[in-house]
Amino acid sequence: MMMEYKNITVAGSGVLGSQIAYQTAFHGFNVSVYDINDEALNVAKERINKLKDVYKADLNATDAVVDSAFKRISFNSDLAKAVKNADLVIEAIPEVVSIKTDFYEKLGQVAPEKTVFATNSSTLLPSQFAEATGRPGKFLALHFANEIWKNNTAEVMKHPGTDESVFNEVIEFAKAIGMVALPLHKEQPGYILNSLLVPFLDAAQTLLAREVADVETIDKTWMIGTGAPLGPFAILDIVGVTTAYHIVSAKAQATGNPEAQKVADLMKENYIDKGKLGRETGEGFYKYPNPAFAQPDFLKG
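Residues numbered from 1 in each chain as written. Predicted model: local features only at pLDDT ≥ 70, side-chain atom pairs only at ≥ 80, totals over all residues. Heavy atoms only, no water.

## Observations concerning the overall build of the protein chain
- Summing up its helical and strand segments, the protein chain has twelve helices and eight strands in all.
- Relative to the compact-globule value of 19 Å for 301 residues, the protein chain shows a C-alpha radius of gyration of 19 Å, a close match.
- Counting over 301 residues, the protein chain shows a buried share of 49%.
- Within the protein chain, contacts between residues separated by at least 24 positions form 66% of all contacts whose residues are at least 6 apart in sequence.
- Accessible surface, the protein chain as shown: approximately 14200 Å² in total, 52% of it carbon and sulfur.
- Side-chain charges in the protein chain split into 29 positive and 37 negative, and the spacing between the mean points of these groups amounts to 3 Å. (Helix = DSSP H or I, 4+ residues; strand = E, 2+ residues; numbered from the N terminus. Rg over C-alpha atoms; globule rule 2.2 N^0.38 Å. Buried < 20%, exposed > 50% of the residue type's maximum accessible area, 1.4 Å probe, protein only. Contact = heavy atoms within 4.5 Å. Areas by Shrake-Rupley, 256 points an atom, 1.4 Å probe, with all protein chains shown as cover. Lys, Arg positive; Asp, Glu negative; His and termini not counted. Charge placed at Lys NZ, Arg CZ, Asp CG, Glu CD.)

This is the structure in structure tokens:
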């Protein structure tokens, strides 16, 4: 199978979108980053620039290599310009159905006929947006874990209308950017990773909302009891509190579950509204760069 992608557009320049863009450029592809305005793009440039030092530290990359990767990235707030040469568009915009649907309707009108679309949605199914794309055969899901350069999973999930050749091409692309490609042959909300992770994080948030225990006690219990390096709230700080909030809000709206709504309200009032959005902003459930869970005595009685 020959994968001939050269030009990749990443739509959405948040934490994971920026990581996807830089990882792709690091492996030699031309990358166009799209976001809704220049302000968002300026934040993305700063965010991606910081990844250069991370790649030097974690992957022993040289200055020349990380600088060259950054130079392969362009930034654009005009969607038509951002995708004009795209072989593949990877969508990494907020986990809100209406926002994604609107985006795909616009994208389908301006992208070249050859372009394949992939969603990095954490929990939503590609079949929910296949019709909106206008090219269901060239649409599927490509899901990455946070800290993509280290946690290098790429879950490739087709929907019933995805062309098999497109599915295989995207698997090859994932391998080409340093990922371990993990094919999913049937749609599954949350893929493999989030089918396991989201219920775990949900359970932790529910314990907090019920006031069973505080953040540190819940994390400490998990870390001591399983030997895990991080507890659920430390993981949520990496994922980003905004993403977690969108997921639990969507669940509350879809199910009418009052407990899910209670978690959503807690996240908004105690964290979102106070700018405590996770590790990237310096504070979420913990304060950074020296969070309590990283202290030598955290797991002691």
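## Considering the domain arrangement of the protein chain
- The domain architecture assigned to the protein chain consists of domain 1 (7-184) and domain 2 (195-294).
- Distance from the C-alpha centre of domain 1 to the C-alpha centre of domain 2: 26 Å.
- The contact between domain 1 and domain 2 buries some 630 Å² in all, and 60% of this surface belongs to carbon and sulfur atoms.
- In this assembly, domain 1 and domain 2 are joined by one salt bridge.
- Among the ionic pairs, glutamate 280 bridges to arginine 47, the shortest N-O distance being 2.3 Å.
- Class assignment of the residues belonging to the side of domain 1 that touches domain 2 gives a composition of three nonpolar, three polar and three charged. (Domains from an automatic or database assignment. Buried area = accessible area lost by both parts, 1.4 Å probe. Salt bridge = Lys/Arg side-chain N within 4 Å of Asp/Glu carboxyl O. Nonpolar A, V, L, I, M, F, W, Y, C, P; charged D, E, K, R; others polar.)

## Overview of the nonpolar core
- Core analysis: the largest hydrophobic core is formed by 44 residues, its most contacted members being Tyr5, Tyr22, Tyr55, Leu142, Phe144 and Phe173.
- Ignoring any residue separated from it by four or fewer positions in sequence, one finds tyrosine 5 in contact with Phe29, Asp87, Leu88, Val116, Glu169, Val170 and Phe173.
- Within the second largest apolar cluster, 29 residues are counted, among which are Leu201, Leu208, Ala252 and Met267. (Core = buried A, V, L, I, M, F, W, Y, C linked by side-chain atoms within 4.5 Å.)

## Digging into the packing of helix α11 (residues 241-255) against helix α12 (residues 258-272)
- With their axes 8 Å apart at the nearest point, α11 and α12 run at an angle of 150° to one another. With respect to their mutual orientation, α11 and α12 come out roughly antiparallel. Between α11 and α12 lies a crossing whose hand is left-handed. Facing α11, whose interface residues are Val241, Thr242, Ala244, Tyr245, Val248, Ser249, Lys251 and Ala252, α12 presents Ala260, Gln261, Val263, Ala264, Met267, Lys268, Tyr271 and Ile272.
- For the contact of α11 with α12, the per-class residue count stands at eleven nonpolar, three polar and two charged. (Axes fitted to C-alpha atoms, helices over the stretch in contact; angles between N-to-C directions. Parallel < 35°, antiparallel > 145°, perpendicular 65-115°, else oblique. Left-handed = near helix turned anticlockwise from the far one by under 90°.)

## Observations concerning the pairing of strand β6 (residues 139-144)
- Burial runs high along β6: six of the six residues are buried.
- Judged by which residues are buried, β6 turns out to be covered on both faces: Phe139, Ala141 and His143 on one side and Leu140, Leu142 and Phe144 on the other are all buried.

## What about the packing of aromatic side chains?
- According to the stated counting rule, one finds 17 aromatic pairs in the structure shown.
- A centroid spacing of 5.1 Å and a plane angle of 65° characterise the contact between tyrosine 104 and phenylalanine 139, whose relative ring orientation is edge-to-face. Pair noted here: tyrosine 104 is in helix α5 (residues 97-110) and phenylalanine 139 is in strand β6, with a separation of 35 residues, a long-range link.
- Looking at tyrosine 104, the relative accessible area reads 0%, which means it is buried.
- Between the aromatic rings of tyrosine 271 and phenylalanine 285, the centroid separation amounts to 4.4 Å while the plane-to-plane angle is 45°, which identifies the pairing as tilted. Residue tyrosine 271 is located in helix α12, and its partner phenylalanine 285 is located in the segment after α12; the two are separated by 14 residues in the primary sequence. (Phe/Tyr/Trp six-rings, centres within 6.5 Å; stacked < 30°, edge-to-face > 60°.)

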